[in-house]
There are 4 protein chains.
Amino acid sequence: MRFCSNLVSLSSERSQKVIVIGKPDDQHGWKAHGPTVTSVNPSSNKPIATVVEASVEDYEEALKACDAAKKEWMQMTAPKRGEIVRQIGDVLRANLNALGRLVSLEMGKILPEGIGEVQEFIDMCDFAVGLSRQINGSIIPSERPNHMMLECWNPLGIVGVISAFNFPCAVLGWNACVALVCGNCVVWKGAPSTPLVTVAITKLIAQVLEKNGLRGAIFTGLCGGANIGEKISHDRRIHLVSFTGSTKVGQLVQAAVNARFGKCLLELSGNNAIVVMDDADLSLVVRSVLFASVGTAGQRCTTCRRLFLHENIYKETVDRLLKAYSQVKAGDPLVEGTLLGPLHTTTGVKVYQEGIEKIKKQNGVILTGGKVIEREGNYVEPTIVEISNDAPIVQEELFCPILYVFQFKTFEEAVEMNNSVPQGLSSSIFTKNPELIFRWTGPLGSDCGIVNVNIPTNGAEIGGAFGGEKATGGGREAGSDSWKQYMRRSTCTINYGHTLPLAQGINFGSEN
Amino acid sequence: MRFCSNLVSLSSERSQKVIVIGKPDDQHGWKAHGPTVTSVNPSSNKPIATVVEASVEDYEEALKACDAAKKEWMQMTAPKRGEIVRQIGDVLRANLNALGRLVSLEMGKILPEGIGEVQEFIDMCDFAVGLSRQINGSIIPSERPNHMMLECWNPLGIVGVISAFNFPCAVLGWNACVALVCGNCVVWKGAPSTPLVTVAITKLIAQVLEKNGLRGAIFTGLCGGANIGEKISHDRRIHLVSFTGSTKVGQLVQAAVNARFGKCLLELSGNNAIVVMDDADLSLVVRSVLFASVGTAGQRCTTCRRLFLHENIYKETVDRLLKAYSQVKAGDPLVEGTLLGPLHTTTGVKVYQEGIEKIKKQNGVILTGGKVIEREGNYVEPTIVEISNDAPIVQEELFCPILYVFQFKTFEEAVEMNNSVPQGLSSSIFTKNPELIFRWTGPLGSDCGIVNVNIPTNGAEIGGAFGGEKATGGGREAGSDSWKQYMRRSTCTINYGHTLPLAQGINFGSEN
Amino acid sequence: MRFCSNLVSLSSERSQKVIVIGKPDDQHGWKAHGPTVTSVNPSSNKPIATVVEASVEDYEEALKACDAAKKEWMQMTAPKRGEIVRQIGDVLRANLNALGRLVSLEMGKILPEGIGEVQEFIDMCDFAVGLSRQINGSIIPSERPNHMMLECWNPLGIVGVISAFNFPCAVLGWNACVALVCGNCVVWKGAPSTPLVTVAITKLIAQVLEKNGLRGAIFTGLCGGANIGEKISHDRRIHLVSFTGSTKVGQLVQAAVNARFGKCLLELSGNNAIVVMDDADLSLVVRSVLFASVGTAGQRCTTCRRLFLHENIYKETVDRLLKAYSQVKAGDPLVEGTLLGPLHTTTGVKVYQEGIEKIKKQNGVILTGGKVIEREGNYVEPTIVEISNDAPIVQEELFCPILYVFQFKTFEEAVEMNNSVPQGLSSSIFTKNPELIFRWTGPLGSDCGIVNVNIPTNGAEIGGAFGGEKATGGGREAGSDSWKQYMRRSTCTINYGHTLPLAQGINFGSEN
Amino acid sequence: MRFCSNLVSLSSERSQKVIVIGKPDDQHGWKAHGPTVTSVNPSSNKPIATVVEASVEDYEEALKACDAAKKEWMQMTAPKRGEIVRQIGDVLRANLNALGRLVSLEMGKILPEGIGEVQEFIDMCDFAVGLSRQINGSIIPSERPNHMMLECWNPLGIVGVISAFNFPCAVLGWNACVALVCGNCVVWKGAPSTPLVTVAITKLIAQVLEKNGLRGAIFTGLCGGANIGEKISHDRRIHLVSFTGSTKVGQLVQAAVNARFGKCLLELSGNNAIVVMDDADLSLVVRSVLFASVGTAGQRCTTCRRLFLHENIYKETVDRLLKAYSQVKAGDPLVEGTLLGPLHTTTGVKVYQEGIEKIKKQNGVILTGGKVIEREGNYVEPTIVEISNDAPIVQEELFCPILYVFQFKTFEEAVEMNNSVPQGLSSSIFTKNPELIFRWTGPLGSDCGIVNVNIPTNGAEIGGAFGGEKATGGGREAGSDSWKQYMRRSTCTINYGHTLPLAQGINFGSEN
């Protein structure tokens, strides 16, 4: 049983080209009884489809099914679970283009990024298959004779994933692939404004489970809003909640989950900077800043929002950026050649406009952009602003393509400014100097979770651990040993002898 | 500068034999201006010494010094920091017996346990020295040509340690050794009722730092109460707070630390069970239960509080336990042969008495014990109680030597009862059946952080990770990869080529 | 360019059903000019096909192409190489049944084992894909300030694989998947008597390389005999030779490779034992011994050849084994229900006959079997022999289904007998006693590379490391960190500071 | 019982100051009956002492004792073994200066290097203590339900160490610390020309074993020559032979050990190069080349023997080197300020002289040095030679302070020349260019085991793995996971269920 909402209708011709997955009413168990939500195309603000969300009763039913399914899934061996995830990867691969188009259509990002996001999910599947034979525990030498000390890793049970609109697909991929291989059932609530992606992905995964004779509730997709998110946060049956979103909401989730002794994995706000030293390759810099600041219309958590330029190359870099910005082609994200798609919602446009007002009040100087684009859809101009690092707005994450530029004299000064915001997700330096490279990645360098050199702040690979420090929440997803967060660690000591030697050589009464 | 409180006076002759460390007034920087607290011998309730605690101003001065010292310590290489920790181990080794006696005197645990606790600190030092060359980052294969992907580990900065009275020495050892080697300064607040141990340990570590020409503030010891603890929780300069104590207080600490985007490492309440199958070696069982339930007068977080006995061996085991309990020698913890020392405080005795009352009201049957021992000091009888698993009191951690016994028929039933409390620290099974051993340590077995077989719930080795799940807080200290909690992980990608290939094969504009 | 021999003709109708891969003459580069070899069906000794082997000139041409291809492959990033291996897995998956039938047809093993072998290759591909993002190097803390110490892993260059007739497919899979992902080109010489499998696998891999626009020489398959093997052993361009075969030949290979400073990975003879304690589950024992001793007609390197039975269950176990042996169905390996296929060659039959003679001379008593089966093909009776552990023949690996049974009284005695042969590949104990389980796997237990409990000696999973000690050669293939053998490790220390501090605090002249 | 030779007499007053360890006849078991060897001071060629070496009968007696001791040591838990190694470190620390002086006196290296070598042994002890709780095995996810797959590491038994004169102390430290912690007994043969260091170290370790009530034979030191080395190579009781010395002898050892199925760890000849790009910090270069080429009088395996200079900085670098060489102070290694001590033996001087002759014949031009120094002892001039890279002598390791300088134009050319010798131990580049740094450490960079940047070829830290490729033998000692070579790996699969599922989904007969 899967409680993902049904597609009720598809109103746009456009969408007919992209949504090819699933037959809406062919399966017992596809149901929802909550409010109806309309999926809107951000490049036109026209509706694509209406979707029925999960009601609170649907949620309860779903969780019961999930809770009932977990024993089966936990006891399946990890390599067998890996085989299921491999098949999920294959079904995504078979639908790569259609899904990529759907992501672009519904979220608004340009097609190469839409496809890239699905590819990231596929990469995660492939990675997780290998992982399924490598989520190793340890045998640790015991100080006591005839004792085996083992560090065992067991599944948590149920992992809740609450993802955001800007990566409606990849963030689920990071979490679900690892969570599933580790033996957890997954309950996913996608963003309320990207229900079609939620439905599409859920249906594809459901196919795989069904084909293998497994309960659909092992992976449960839900369309829904804050009320469903709140249910997940407070639900004791959900052992880990992986939340992607703003710092503000993340802290509420964390408080709710902690209060019930659950675990949290938080991917919250970023406010990312690029530092450019005067020996940098400025061509690389310009391309990188463009991708990092304008890409996804500034709606990545890893979007570059602050640019620190060494005084020697300040003017030249700004000039080259202005030129590059002037050539950015805004338009329909599905059309080849478009670099700038719309903001995801009209609210996003409002945030942009209010941000520009604040910037002006705080003595920011707009070097380019600053205006809403007069056309259908949520388009705004990519914007570059000269502003003081002391302006309060620099401490905030505005989720739109506004870039602040600053001048600095020394590496130390640049690092200090990089570290001077509450958030700690991503950061980059451009330099050819090995000393600065390793000071940047060292104890007194960038304080972020992602610390790049000569590449933008965004565009992470799945092999590494993704996530950030401070107000970004401290979670790590995707590669490295992120899988440990999806498992319960136990230190197991097995005495297979006949006596009871105590650690630290303690003698407690006589042995007899 | 170190802000550990001075010893003001020593009133007991007893203590003169044990405190041989430090000359109280020989060092600029040993000072405190807060309230005076009296250290009391729990086996007599007579004062040992009075100590001046840190005032809030002292705390501020200390933190400033610590914050100023951290750059120096963070930049020292890890193997050099390891050498300092090695010397700390050596100075503790040279004072092993004196310190062990001091722990026994002030905390009340029997001497072998007092010495064992210091030995555990020493073991941690030795372990951490090796660790100082093994806190390895990773080089992860990048999918992009001419890119190095590194996972780097850097110090957090300052680690706050708030420890409890029951392990006034070892818990600091678990934290400080790893934190220091990882490049962090340490701010330690010991329990308000064990200030002499706090002073003694701080002075020894100060000696080592001084001898090496390092700032004393790298390790800052503080005597103080809840107000100092609260300062630590809210202090943004302290990146990680490692807290050992009750679930209730732990949750407050966690909320405070999370609110300021800090990290927490929580070691909270345990409510640990031993399961005995009918093929168990009952001699091993009886010795283990005795150590686990009566040892440290029931004041370990890993104390066994719940005993699940297979119906076939229920009667025999209870009988043998009653016999063993009847032979437990209560008395002065410093006297050889004593197995049961006093509770640490008169409050502990009150908790015991109220617990016994509640037990009776909830239809518990006292098989042995149940009374305060009529003598000087905080002595209570080790107690065995037959009670229903549904009695509410079974869900609580009473920090005294009360053991509940239960009968069960099947392994599954025993596991379910083991897992039916909010806490998830430690658990043991006694059996000779490999199938049960591995089901016990497997996905549907014990849900605790420590999952033992044929040994008691207590007495962990430092090589493994120590800590528990659920209301126990989820932290892991000492061995395994616990060190990762004391460091900041960064995923660093270095482009050393001339082009900008993007992950997931994304194409963002043309390359030129 | 690939130098695998062409299929020249297919003479058996049987084979037409199984060989569906490749068009023999559609590709420039498929060529061979050496002697012609005939592939023979071991269940009938009728020819299946004739194949032209590689000449020495072909070998030279092949190696030149391979050497020229290696730079390209080494510089491709590991995750991209992983994608190629994923595609190899997919093409094998698409041909699973056909390939499985071919393995059965040409090698003689029963179909479930033929398919299982191909499945093992596929599993290795899936595993290696994940591995391609996890062949991690390390960042090791340096004792010198401003120094990065890295442990880097780079490809070796070319890996030579010489495999044996008994696993014509899986052994290549173990080596090639890992070698390729690690960045090495592969030169493979299959067994001279299984050329069709060699051709089939090579062609499938060639397809994948071609489809991806990569040079075919990245994977080079060769049909050939000892002369080609010798070329590989002595070729300085081949950095690692992975050899599977007899101890005798393996030592020659090793000497040749060492003389030219190459690396060896040896999987040599096994002489594997099962120990049965008197608490064992005898049903499990009988099934396991049957699979381990009769499976693959005793031609696995992990075949059980020695059975140590505790005196208390000796008679019962032998009786049950005799009954089980009497029900073994010999016959065409492609027919469902067959458990015993033919020996691979007439030479194998001769070895069996001579072995039986020696056994008799050394006072062995044949309990069942001992005779060649009178029918077409190389069939021999599965044989159980009672013999003294001191008989010299017990020290040898006879590659046929002869099982020696022995009695023992104590665990220690059984372990000693287990360890008393030159070989050290696989071993199993059957017991329910945890103490014996962990003594068996401990320092004074079995001295083999594979140490099982309650499963047979054969049937390894790919997630673990496969290989053995002593005369078995010490190599480890497939999972765990076996990949390290396919890479060159370098310890890299990068000084990014301005001074030259020396390790161990050495002072060499003044710093100026 | 320990079979290290006795000190028979001390003839030099000098030595009386340095040898303070041991009373020569106070211990039963210190004995030797072989030939007498005279230890000679290389800076004067005067005898220091005569020592009786082990006879072949002594060797046999020693090995029997060692073999008898191994069960005890193997069964001791690793952390307890770590405690013994910690004590060895402490006793070395207490004798640091005396031992350092002894190394200088007998080997001839300058005192800071003599002390540094002992410090390296001490560092290894500290490291190995931590390691004793971290030589972890793995729990690998099994694909079969109710199966535990473990990778266990057990001691090998006895490790033989054959070390060379140039590091009479540190090389033993690398091997012995790890071997002991891993549970092996050690049989050590020091160089025949440094018997006093062998005696001193053996006696100190013996003290520790004795104090702990352990058999002395756990660590067995032997003075002896090639005949004892040969015994070790052929002795089946010695599971691993760790040999340090020339490639020529190493290959003989390897052949002998392989023939008996033993394991080898080889640290053979180096022929190490420094590459200097034209952006290098030349001050750092000059200091580094001086230390790498003149240090230890060119008698390190990591000595720099080849210097590749970019044409742009060729002249300046050579000039600065010539100036630096002219200031090198040759003299008594125990005198402060000496940078160049004597060669170890008169044979070394002869090798130098013959080398110079060959160089001249091969058209080498001597820029400085080239002569034996006219004074007491084995002193030769540190020498710089301009020669063609094609000269045959460039392929050889001359163990003396001769440095060849070459010019190059491109990085690729320099790497090719670096890799063009049979040996593959150490290599360095000096550059500030990150691209070159990572190409140098990458797949097409240096092919050595040690690949440095902006530091010399010598002076490794213990935390990394030490050793080299190709003719250098491929072994790795000291840190990283070198410990794995000192242990036996076993893949253990424990079936704790009641059925027999097979890997790869194979079905072998029916389950009943």
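Numbering of residues starts from 1 in every chain and runs along the sequence as written. Both sets of labels track the order of writing: A upward for chains, 1 upward for ligands. Selection of residues for local features in this predicted model requires a pLDDT of at least 70, selection of side-chain atom pairs for listing and counting requires 80 or more, and totals for whole chains, interfaces and linings are taken over all residues. Note that the side-chain values use all heavy atoms of the structure and ignore hydrogens as well as water.

Engineer: I'd like a rundown of the overall build of chain A, residues and numbers included.
Structural biologist: Where helices and strands are cited, they refer to DSSP runs of H or I of at least four residues and of E of at least two residues respectively, numbered from the N terminus. For chain A, the count of helices and strands is 14 helices and 22 strands. We take the radius of gyration over the C-alpha atoms and set the globule estimate at 2.2 Å times the residue count to the 0.38 power. Taken against the 2.2 N^0.38 rule, which gives 24 Å for 512 residues, the C-alpha radius of gyration of chain A at 24 Å falls within 12% of a compact globule. Dimensions along the principal axes, computed over C-alpha positions, put chain A at roughly 80 × 60 × 35 Å. Summary of the burial criterion: residues with accessible area below 20% of their type's maximum are buried, those above 50% are exposed, and those between are partly exposed, where the area comes from a 1.4 Å probe applied to protein chains only. Counting over 512 residues, chain A shows a buried share of 69%. Contact between two residues is taken to exist if any of their heavy atoms lie within 4.5 Å; hydrogens are not considered. Nonlocal contacts in chain A, meaning residues at least 24 apart in sequence, comprise 74% of its contacts between residues at least 6 apart. Summing over all exposed atoms, chain A offers an accessible surface of approximately 15,600 Å²; the carbon and sulfur share of this is 52%. Charged-residue counts in this description rest on Lys and Arg as positive and Asp and Glu as negative, His and the chain ends being excluded. For this purpose, a charge sits on NZ of Lys, CZ of Arg, CG of Asp or CD of Glu. Each charge sign in chain A was given a centre, from 49 positive and 51 negative side chains, and these centres are 4 Å apart. Accessible surface is estimated by sampling points in the Shrake-Rupley manner with a 1.4 Å probe; for residues, cover comes only from the protein chains shown.

Engineer: Any chance you could break down the packing of aromatic side chains for me, citing the residues and the numbers?
Structural biologist: Residue and element names in this part refer to chain A. Each Phe, Tyr or Trp ring, with Trp reduced to its six-membered ring, pairs with another whose centre is within 6.5 Å; inter-plane angles below 30 degrees give stacked pairs, above 60 give edge-to-face pairs, and intermediate values give tilted ones. Throughout the structure, instances matching the rule amount to 28 aromatic pairs over all chains. Their ring planes at 85° and their centres at 6.0 Å tell us that phenylalanine 165 and phenylalanine 399 sit as a pair that is edge-to-face. Of this pair, phenylalanine 165 sits in the loop between strand E6 (158–162) and helix H6 (170–181) while phenylalanine 399 sits in the loop between strand E14 (383–386) and strand E15 (402–408), and the two are 234 residues apart along the sequence. By relative accessible area, phenylalanine 165 is classed as partly exposed at 23%. Aromatic side chains tryptophan 174 and phenylalanine 466 sit 4.6 Å apart centroid to centroid with 40° between the ring planes, which places their arrangement in the tilted category. Residue tryptophan 174 is found in helix H6, and its partner phenylalanine 466 is found in strand E19 (residues 465–466); the two are separated by 292 residues along the sequence. Each of the two residues, tryptophan 174 as well as phenylalanine 466, counts as buried. Ring pairs connect the aromatic residues Phe308, Tyr404 and Phe406, which therefore count as one cluster. Our definition puts a charge over a ring when NZ of Lys or CZ of Arg is within 6 Å of the ring centre and also within 35 degrees of the ring normal. One Lys or Arg, lysine 109, reaches over the ring of phenylalanine 167 and ends 3.6 Å from the middle of that ring.

Engineer: I'd love a proper account of the UniProt feature "active site" (unreviewed entry) in chain A, names of residues and values included.
Structural biologist: Residues and elements named next belong to chain A. UniProt positions are given in the numbering used here, feature names are shortened, and annotations may be inferred rather than shown by experiment. On the UniProt side, "active site" (unreviewed entry) is annotated at positions that read Glu267 here. Mapping glutamate 267 onto the fold places it in strand E10 (residues 263–267). Judged by relative accessible area, glutamate 267 falls into the buried class, the value being 4%.

Engineer: How would you sum up the relation of the copies chain B and chain A? Please name residues and give values.
Structural biologist: The two copies are related by a screw operation: chain B maps onto chain A through 180° of rotation and 0.0 Å of translation along the axis, at an RMSD of 0.0 Å. Put plainly, the chains are arranged around a two-fold axis. In terms of proximity to the rotation axis, the leading residue of chain B is alanine 255 of chain B, whose C-alpha is 3.4 Å off the axis. Interface overlap between copies is the fraction of interface residues in one copy that are interface residues in the other; for chain B against chain A it reaches 100%, indicating a shared surface. Each copy is superposed on the other by least squares, with the fit set by C-alpha atoms of residues at a pLDDT of at least 70 in both.

Engineer: Requested: an account of unusual backbone geometry, with residues and values cited.
Structural biologist: Residues apart from glycine generally show negative phi values, whereas peptide bonds are mostly found in trans. The phi angle at phenylalanine 261 of chain C is positive, at roughly 65°, despite the residue not being glycine. Considering the arrangement of structural elements, one finds phenylalanine 261 of chain C in the loop between helix H9 (247–259) and strand E10 (263–267). Assessed through its relative accessible area of 24%, phenylalanine 261 of chain C is described here as partly exposed. The residue alanine 297 of chain D is not glycine, and still its phi comes out positive at about 50°. Here alanine 297 of chain D shows up in the loop between helix H10 (282–294) and strand E12 (304–310).

Engineer: How would you explain the interface of chain C and chain D if you had to name every residue and give the values?
Structural biologist: Chain C puts 90 residues into the contact, and the matching count from chain D is 90 residues. With both sides pooled, the region where chain C packs onto chain D buries about 7,400 Å², and carbon together with sulfur makes up 56% of that total. Take a side-chain nitrogen of Lys or Arg and a carboxyl oxygen of Asp or Glu: if they are within 4 Å of each other, that pair is a salt bridge. The tally of links from chain C across to chain D stands at eight salt bridges. Across the salt bridge formed by arginine 489 of chain D and aspartate 481 of chain C, the nearest N and O atoms sit 2.7 Å from each other. A 3.5 Å cut-off defines polar contacts: any pair of N or O atoms within that distance qualifies, except that in protein one atom must be a possible hydrogen donor and the other a possible acceptor, and neighbouring residues in sequence count only when both atoms are side-chain atoms. Linking chain C with chain D are 48 residue pairs in polar contact (both at pLDDT 80 or more). By residue number, the principal contributor to the side of chain C that touches chain D is strand E22 (residues 487–495) of chain C, which donates eight residues. Following the grouping adopted for this structure description, the nonpolar residues are Ala, Val, Leu, Ile, Met, Phe, Trp, Tyr, Cys and Pro, the charged ones are Asp, Glu, Lys and Arg, and the polar ones are all others, Gly among them. Counted by class, the side of chain C that touches chain D contains 35 nonpolar, 35 polar and 20 charged residues. Two elements, strand E18 (residues 450–453) of chain C and strand E22 (residues 487–495) of chain D, share two bridges in a ladder whose sense is parallel. Along E22 of chain D, the bridge assignment pairs valine 453 of chain C with isoleucine 494 of chain D. Buried area: the accessible area, evaluated with a 1.4 Å probe, that two parts lose upon being put together, summed over both parts. By the convention used here, strands pair only if DSSP detects at least 2 bridges between them.

Engineer: Break down the packing of helix H3 (residues 78–94) of chain D against helix H5 (residues 111–131) of chain D for me, citing the residues and quoting the values.
Structural biologist: Residue and element names in this part refer to chain D. To define axes, lines are fitted to C-alpha atoms, for helices over the stretch in contact only, and angles between the resulting N-to-C directions are given on a 0 to 180 degree scale. Across the interface, H3 lies against H5 with an axial gap of 8 Å and an inter-helix angle of 155°. Here H5 runs roughly antiparallel to H3, going by the angle between their axes. Considering how the two elements wind past one another, H3 and H5 form a crossing that is left-handed. Counted together, Gly82, Val85, Arg86, Ile88, Gly89, Leu92 and Arg93 of H3 and Phe121, Ile122, Cys125, Asp126, Ala128 and Val129 of H5 form the full contact between these two elements. Across the contact of H3 with H5, the residue classes tally to eight nonpolar, two polar and three charged. Each angle is binned into one of four classes, with values under 35 degrees roughly parallel, values over 145 roughly antiparallel, values of 65 to 115 roughly perpendicular, and all other values oblique. Note on convention: the crossing is left-handed when the near helix lies turned anticlockwise from the far helix by less than a right angle, right-handed when the turn is clockwise.

Engineer: Got a sec to walk through the interface of chain B and chain A? Specific residues and values, please.
Structural biologist: In this assembly, 90 residues from chain B lie in contact with 90 residues from chain A. Counting the surface lost from both chain B and chain A, the interface buries some 7,400 Å², and carbon and sulfur atoms represent 55% of this. Put simply, chain B and chain A have eight salt bridges between them. In this structure, the salt-bridge partner of lysine 263 of chain B is glutamate 469 of chain A, at a minimum N-O distance of 2.8 Å. The interface formed by chain B and chain A includes 47 residue pairs in polar contact (both at pLDDT 80 or more). By residue number, the principal contributor to the side of chain B that touches chain A is strand E22 (residues 487–495) of chain B, which donates eight residues. Class assignment for the residues of the side of chain B that touches chain A results in 35 nonpolar, 35 polar and 20 charged.

Engineer: Hey, could you go over helix H8 (residues 226–234) of chain A for me, with residue numbers and the actual values?
Structural biologist: All names here are of chain A. Within H8, the full set of buried residues consists of Ile228, Gly229, Ile232 and Ser233. The arc that holds every buried residue of H8, seen down its axis, measures 145°, which confines them to one face. Tucked inside the fold, the buried residues of H8 contact helix H2 (56–75), E6, strand E7 (185–189), strand E8 (219–222), strand E9 (240–244) and helix H9 (247–259). The directions from the helix axis to the C-beta atoms are what the arc is built from.

Engineer: Pulling in residues and values, what's your account of the sheet that holds strand E7 (residues 185–189) of chain B?
Structural biologist: Residues and elements named next belong to chain B. In spatial order, the strands read E8-E7-E6-E9-E10; together these five strands make up an open sheet with parallel pairing. Sheet topology places strand E8 (219–222) and strand E10 (263–267) at the edges, where each strand pairs with a single neighbour. If you compare each strand with its neighbour and ignore which way they point, the axes differ by 15° on average. Pairing geometry for strand E6 (residues 158–162) and strand E9 (residues 240–244), over four bridges, is parallel. Bridge pairing in E9 places isoleucine 162 opposite phenylalanine 243. With respect to the sheet, helix H7 (residues 195–211) is in contact with E7 and E8, its orientation differing from that of E8 by roughly 160°.

Engineer: Outline the sheet that holds strand E9 (residues 240–244) of chain C, supporting the account with residue identities and numerical values.
Structural biologist: All names here are of chain C. Pairing in this open sheet of five strands is parallel, and the strands run E8-E7-E6-E9-E10 from one edge to the other. Each edge of the open sheet carries a strand with a single partner, namely strand E8 (219–222) and E10. If you compare each strand with its neighbour and ignore which way they point, the axes differ by 15° on average. Lying on the sheet, helix H6 (residues 170–181) is in contact with strand E6 (158–162), strand E7 (185–189), E8, E9 and E10; it crosses E7 at an angle near 165°. Sheet contacts for helix H8 (residues 226–234): E6, E7, E8 and E9; angle to E7, the most-contacted strand, approximately 150°.

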